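Here are the chains, one letter per residue:
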Amino acid sequence: MKLVTYRINHAPERLGFLEENMIVDAHKLGQLKSSHLPDNMLDFIDLGMEGLNHAVHLMNTATKEELLDCSIPLANATLLAPIPRPRKNIFGIGLNYTEHVAESARTLDTAKELPQQPVIFSKPPTAVTGTETNIIHNQKITQQLDWEVELAVIIGKHGKNIAKENAMDYVYGYTVINDISARDCRRAGQWIVSKGQDTFAPMGPMIVTRDEIADPHNLNLSLTVNGVEKQNSNTKFMLFNIEELIHDLSTVFTLDAGDIIATGTPAGVGAGRSPQEWMWPGDVVEATVEGIGTLRNTVVDSEEVK
């Protein structure tokens, strides 16, 4: 299924199932079928595969009239980040594509050797924003605003010390993240100020459940700035694949339903270019992952944000 968090005008956010150009409201569908479905993404993910299968059953058994009664055109809705406020920090993975390791070593003083373990950082929940929203650029803090298209994994159930061979059982679905980075805000090698500022985690436009992605390790991902391609690669070039990331993270942290893992970015970031390129107010950045969709955001100056 394709899952979205949406809003009509200024009404509270709601959970929906995307079917072509229509959003089926989850809670209203449940009411029509004398059943129950949550009205928000995290509560729905908490139900796991059982809840997902139940929703699929309700969709498949609903009449056309019932579906119309609880649907709205996608064009009439505003899509929010699929998980507008995660319960925990997003787990970020640095230097997870070989060519990105090389370009970072040239320009960001990182090690030129390939990491022997996943490089882990985090982005706070307040960094999350949706598609068609603004990325806030505070020029008093950074003059080096950069982009990073990434496949993000949504965890579907509680787990600790997860074996690699069982790791995919813990995946609920996938979305797109643009790991916005202020390259001049690293502090003594620590990345959270660089990575975690407000709006620095655009996410969406939807969650695609794992059953709809045949092979997450063979997805094209790309990014443009003002229509000019900057990144173009494939998830098959990850240094540590999803199973390895889930295993490694779960040996350190308990993973819970709704947790988000941003799996790293390929080469082509602004810091790796010659000369280096940065984003500025007015720039439009689009991050795309095959099978999921495109995130579109506009950079604005912090002075314009009230």
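Here we summarise the structure given alongside this text.

Analysis parameters
- Residues numbered from 1 in each chain as written.
- Predicted model: local features only at pLDDT ≥ 70, side-chain atom pairs only at ≥ 80, totals over all residues.
- Heavy atoms only, no water.
- Helix = DSSP H or I, 4+ residues; strand = E, 2+ residues; numbered from the N terminus.
- Buried < 20%, exposed > 50% of the residue type's maximum accessible area, 1.4 Å probe, protein only.
- Contact = heavy atoms within 4.5 Å.
- Areas by Shrake-Rupley, 256 points an atom, 1.4 Å probe, with all protein chains shown as cover.
- Polar contact = N/O pair within 3.5 Å; in protein donor to acceptor, adjacent residues only side chain to side chain.
- Core = buried A, V, L, I, M, F, W, Y, C linked by side-chain atoms within 4.5 Å.
- Patch = residues over 30% accessible without salt bridge, like charges linked within 9 Å, V, L, I, M, F, W, Y side chains within 5 Å.
- Salt bridge = Lys/Arg side-chain N within 4 Å of Asp/Glu carboxyl O.
- Pairing = 2+ DSSP bridges.
- 1 Å grid on protein atoms, 1.4 Å probe; cavity = no way out; pocket = protein on both sides within 12 Å on 5 of 7 lines; lining within 4 Å.
- Points joined across faces, edges and corners; volume = space filled by probe spheres on them.
- Nonpolar A, V, L, I, M, F, W, Y, C, P; charged D, E, K, R; others polar.
- Phe/Tyr/Trp six-rings, centres within 6.5 Å; stacked < 30°, edge-to-face > 60°.
- Lys NZ or Arg CZ within 6 Å of the ring centre and 35° of its normal.

**Looking at the overall build of the protein chain**
Counting its secondary structure elements, the protein chain contains seven helices and 19 strands. Across its three principal axes, the protein chain shows a C-alpha extent of roughly 60 × 45 × 30 Å. When each of the 306 residues of the protein chain is scored for burial, the buried share is 53%. Long-range contacts, defined here as pairs at least 24 residues apart, represent 75% of the contacts in the protein chain between residues at least 6 apart. Counting every atom, the protein chain has about 13,500 Å² of accessible surface; 48% of that belongs to carbon and sulfur.

**Thoughts on the side chain of D283**
Turning to its location among the elements, D283 is positioned in the loop between strand 17 (260–262) and strand 18 (284–289). In this structure the side chain of D283 is engaged in a polar contact, spanning 2.9 Å, whose partner is the side chain of N226. Once residues within four sequence positions are removed from consideration, D283 is found in contact with V225, N226, W278, N297, T298 and V299.

**Some points on the nonpolar core**
L151, Y174, I246, I261, V289 and I292 are the most contacted members of the largest nonpolar core, which totals 48 residues. Other than its neighbours up to four places away in sequence, I292 contacts L151, Y174, T175, V176, P205, M206, V208 and I213. Counting 33 residues, the second-largest nonpolar core is a separate cluster that includes I45, A55, A152 and A201.

**Overview of the side chain of S71**
Among the secondary structure elements, S71 is positioned in strand 4 (residues 71–73). Residue class for S71 comes out buried when judged on its relative accessible area of 15%. The contacts of S71, once residues within four sequence positions are left out, are M22, I23 and V24.

**A few points about a nonpolar patch on the surface**
Residues I120, V252 and F253 make up a contiguous nonpolar surface patch of about 230 Å² in total accessible area. Examined against the element boundaries, V252 turns out to sit in helix 7 (residues 242–252).

**Quick notes on the pairing of strand 3 (residues 22–25)**
Here strand 2 (residues 14–19) pairs with strand 3 via four bridges, running antiparallel. Paired with L18 across the bridge in strand 3 is I23. Pairing of strand 3 with strand 4, which is carried by three bridges, proceeds in the antiparallel orientation. Residue pairing for strand 4: V24 is matched across the bridge by S71.

**Focus on the pattern of salt bridges**
Per the stated rule, a full pass over the model turns up 15 salt bridges. One salt bridge connects K88 with D256, and the closest N-O pair in it is separated by 3.2 Å. With K88 in the loop between strand 5 (78–79) and strand 6 (90–94) and D256 in the loop between helix 7 and strand 17, this residue pair connects regions lying 168 residues apart in the sequence. A residue is classified by how much of its surface remains accessible, and K88, at 27% relative accessible area, is partly exposed.

**What to know about the layout of surface pockets**
Counted as a void, the largest pocket has a volume near 210 Å³. A per-class count over the lining of the largest pocket returns five nonpolar, four polar and two charged.

**A word on the packing of aromatic side chains**
Under the counting rule described, the total for this entry stands at three aromatic pairs. Centre to centre, the rings of F17 and F44 are 5.6 Å apart; their planes meet at 50 degrees, and the pair counts as tilted. Here F17 is found in strand 2, whereas its partner F44 is found in helix 2 (residues 41–46), with 27 residues between them in sequence. In this pair, the class of F17 matches that of F44, namely buried. Plain terms: the ring middles of F121 and W191 are 5.3 Å apart, the flat faces sit at 55 degrees to each other, and that makes the pair tilted. Within this pair, whereas F121 is found in strand 7 (residues 119–123), its partner W191 is found in the loop between strand 13 (181–182) and helix 6 (192–195), the two being separated by 70 residues in sequence. Classification of F121 by relative accessible area gives buried; the value is 9%. Owing to a relative accessible area of 19%, W191 belongs among the buried residues under this scheme. Residue placement shows K157 over the ring face of Y170; its charged tip is 4.6 Å from the ring centre.

**Details of unusual backbone geometry**
Residues G204 and P205 are joined by a peptide bond in cis, for which omega reads 0 degrees. Mapped onto the secondary structure, P205 falls in strand 14 (residues 201–209). Note that the residue after S274, namely P275, is joined by a cis bond; omega there is -5 degrees. In this fold, P275 is placed in the loop between strand 17 and strand 18. Of note in the backbone geometry, N9 takes a positive phi value of approximately 50 degrees without being a glycine.

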